[in-house]
Structure formats: C-alpha cells, structure tokens
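# Secondary and tertiary structure notes
Here are the chains, one letter per residue:
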Amino acid sequence: MRFRILLSLLLLPSLVSAEEKAPAAKVPTLPALQPASVRMTAGAPEAVPGGFTIAIMPDTQFYAQLHPEIFHKQTQWIADNAARYSIRFMIQVGDVTETSADAEWIVARDAFKRLEGKVPWASAPGNHDYGGKLQVNTHRTPFSVWLPLPMFQAMPTFGGSYEQQNGKVDNHWHQFEAGGRKWLVIGLEFAPRADVLRWTNEVIASHPQHSVILFTHAYLDPKTNQRLKLSASLGKGQSPAPAPTEKPDLTQPEDLWQMASKHPNVAMILSGHACYTNHRTSKAQGGQLVQEMVVDYQKDVNGGNGWLRLLQILPDGKTVRCQDYSPLIDQRCTMPDRTFDFELAMPGA
C-alpha cells in the first residue's frame, strides 16, 4: 500500500501538468474564425421555388495567382446554374488578384467571361489590386484595364460609373428587378475617396424606389464584428502608418456607414478582405435594419477551396437564406454562421 501511495505521489506532477495543458487544446475557435471546410455536408443547397439568388464570390486573389482552375470552376458553376437558382446577380468583393500582375488579371478576365450573357456581375478593386502602398494611397490600379468599361456596358443591368473617372469602373452601379422590387448594386473601390462617397450618396438619392446593396472590399472585421479601422496604407492594423509620399485620400468604413445610414432604402453592405465571415444587423437613421456582412475564404485550403455564398431571397421578397457552397468539392457548409436566414427591410419600411 505504501508503495502505491508513493508511486501516486511521484506521478502526480506529470498528471497535473497533463490536465493543465488539456483545456488549452480544447478551447474552441470562434465560429467566425473557422474556414467553411471544418464542417461540411455533400451537395448543393436546394433551390427555392419562386425565389431568386444573389451570389457572392469572396476574395479570388490566390485563385488568380495559384489556382486558376478554381476561379474558372466558380464562374462556370454560376453560369451553369443561373436558371436553376434564378441567379440574378453576382458580386465579387475585391482582391481579384494577389499582386496585380498581368498574368493574374488574365486569369480573372477569362474566368469572368464565362458569365457573359448568363449572369450580370460587379466587382471593385481591393487593396491587393493596386499592387503597392503608393498605388493604394492614390487609387491607381489596372482594374479597369483588365475588366474594362465595355465589359460591363454589355450587361443589361449596367447603370453608370463614377463621373470623375470616365472610362473606368473602379466605382460603378447596376440595377435590376427581382422578387417584387427594384435593386441597386453599387461597387466601391478600397477605402473610397471622399468624393466617391459624395457620388455614391447622389446615386442612392436618385434611386429612392430601389433597395440598395453596397459593397466594398474592406468594411467589416470578422473577428470583432465591428467596422474596420483602416491604416493609411494597406488597410491592415489600426495604428497610423508613416506619411506616404503623396497624401492619401482614404475614408473609413464608418464614413461609408454614416453616409449609407442616412438613406431609408439601403438594405445590405457587403465586403471581403479578412477571414472568414461574420454578419451584423444595424439600425439606420431612418429606423430600417441594414444587413452588414463580410465573407472571405482566402485562408482556407487551396486559397479558398472554391467557396461561394448564395443569398437566396424567398418568394416573400424579404427573407434571405444564406448558404456557403463550394462547387469545387460539391459541399455546403453546415456551420450556423454560414447557413442562416435573415430579413431585409422592405421598400418604404
């Protein structure tokens, strides 16, 4: 008996040490920080009879750089399933490329061409689409060289672009009708310039009967579910960056919100930029609820594993069924923050 007690005392430190380490290994990661590939089930989501779909394509930067076949798989699936899901529009939330190299833009251009005549779409430059700090500060990007104005003008939904940059589509808008209401989609450059927000304000004000969807690359932080506070350079971190050679004209996500929240017809604000996803509902100045959302899978395997977000608007015109699906692996995510319903403010509400 004494031997057993002595042996137990000798082993006690190692047992305690093991028990002390165990809880750290079991602490769950917040759902918003997990890639969709953590929890999946086979097959695409069921289509909603009588409804329609808006597809969201998260950051494609690593597809353009390393996995062009995934980029093509995504856009081809959207084109092939346009009728099945009644996909009325597709939004790509920026960071089309990783380094803004010509070879990456060629991949993007060719992948987007698969949507021609099938599904209208919009994109806007993210910080990686500028190719460098100074380019971000001065908003110089080849976005409109590789995804030119005529490409968007050919779409029946195209409405116009920022009037101070004729011939460019870094900031542009579309309109269409679906689900018993008119829709206005406005895509905005990374950290939009103050005058771009002025232009956006005027576009929204001139379409009071439309439900508005705004999107820009960097807006919501998935970790905190708060609007980002961008640095003066690449939008990473919250501490001020050294002054650039040319004074930057960059606004903050909060500036976008303050402008958008003045309008009673803004319904959604979408973004990418930071992994992985989160969603919040905010009350605008007029009282309507605005859905703010970030979705970005670039840190998942294969640079994103082909994940798309499908927003299926039900026949009532206000209930939205959110579901993340990857045509690359034919899996849908079952995590509760990737498969949920929410309601959009009705026009005039």
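Remember, predicted model here, so these are calculated numbers, not experimental data.

## With respect to the environment of H217
If you trace the backbone, H217 turns up in the loop between β8 (210-216) and α10 (253-260). The exposure class of H217 is buried, given its relative accessible area of 0%. Residues H217 and P58 lie 159 residues apart in sequence; the distance between their C-alpha atoms is 9.5 Å. Leaving out residues up to four positions away in the same chain, H217 has contacts with D59, V93, G94, D95, P125, G126, N127, L188, F190, S271, G272 and H273.

## Topic: the confidence of the model for the chain
Averaged over all residues, the pLDDT of the chain is 89; the fraction at 70 or higher stands at 85%. Low pLDDT, under 50, characterises residues 1-29; the predicted model gives this stretch one contact beyond four residues in sequence or across chains.

## Topic: the environment of E98
Note on placement: E98 falls in the loop between β3 (87-92) and α5 (102-112). Look at E98 and you get buried, because its relative accessible area is 17%. When sequence neighbours within four positions are dropped, the list of residues in contact with E98 reads Q61, F62, Q65, E104 and H128. Among the polar contacts listed, one links the side chain of E98 to the side chain of Q61, at a separation of 2.7 Å.

## Points about the state of the cysteines
As enumerated under the stated definition, the model contains zero disulfides in all. C322 provides the cysteine sulfur closest to C333, a residue in no disulfide bond, and the two sulfurs are 9.5 Å apart. Residue C333 is classed as buried on the basis of its relative accessible area, which comes to 1%.

## Topic: the sheet that holds strand β6 (residues 172-178)
Sheet architecture is open: seven strands sit in the order β5-β6-β7-β8-β9-β11-β10, paired in mixed fashion. Two strands close off the open sheet at either side, each with one partner strand: β5 (158-161) and β10 (276-283). Across the sheet, the mean angle from the axis of one strand to that of its neighbour is 15°, orientation sign disregarded. Two elements, strand β7 (residues 181-188) and β8, share seven bridges in a ladder whose sense is parallel. The residue bridging V185 from the neighbouring strand is I213, located in β8. Here helix α9 (residues 194-205) sits on the sheet and contacts β5, β6, β7, β8 and β9 (266-271); the angle it forms with β7, its principal contact strand, is near 175°. Here α10 sits on the sheet and contacts β7, β8, β9, β10 and β11 (289-296); the angle it forms with β9, its principal contact strand, is near 165°.

## As for the packing of α9 against α10
Where α9 contacts α10, the two axes come as close as 10 Å, and the packing angle between them is 25°. Taken together, α9 and α10 sit at an angle that is classed as roughly parallel. Classified by chirality, the crossing of α10 by α9 is right-handed. For the pair α9 and α10, contact is made by L197, T200, N201 and I204 and by D255, L256 and M259, respectively. Each residue belonging to the contact of α9 with α10 can be placed in one class, and the counts come to four nonpolar, two polar and one charged.

## A look at the packing of helix α3 (residues 68-80) against α5
With their axes 8 Å apart at the nearest point, α3 and α5 run at an angle of 20° to one another. By the criterion of interaxial angle, the relationship of α3 to α5 is roughly parallel. At the point where α3 passes α5, the crossing takes the right-handed sense. Residue-level inspection shows P68, F71, H72 and T75 of α3 in contact with α5, the latter providing V107, A108, D110, A111 and F112.

Reading the values: the criteria
- Residues numbered from 1 in each chain as written.
- Predicted model: local features only at pLDDT ≥ 70, side-chain atom pairs only at ≥ 80, totals over all residues.
- Heavy atoms only, no water.
- Helix = DSSP H or I, 4+ residues; strand = E, 2+ residues; numbered from the N terminus.
- Buried < 20%, exposed > 50% of the residue type's maximum accessible area, 1.4 Å probe, protein only.
- Contact = heavy atoms within 4.5 Å.
- pLDDT = per-residue confidence, 0-100.
- Polar contact = N/O pair within 3.5 Å; in protein donor to acceptor, adjacent residues only side chain to side chain.
- Disulfide = S-S within 2.5 Å.
- Pairing = 2+ DSSP bridges.
- Axes fitted to C-alpha atoms, helices over the stretch in contact; angles between N-to-C directions.
- Parallel < 35°, antiparallel > 145°, perpendicular 65-115°, else oblique.
- Left-handed = near helix turned anticlockwise from the far one by under 90°.
- Nonpolar A, V, L, I, M, F, W, Y, C, P; charged D, E, K, R; others polar.

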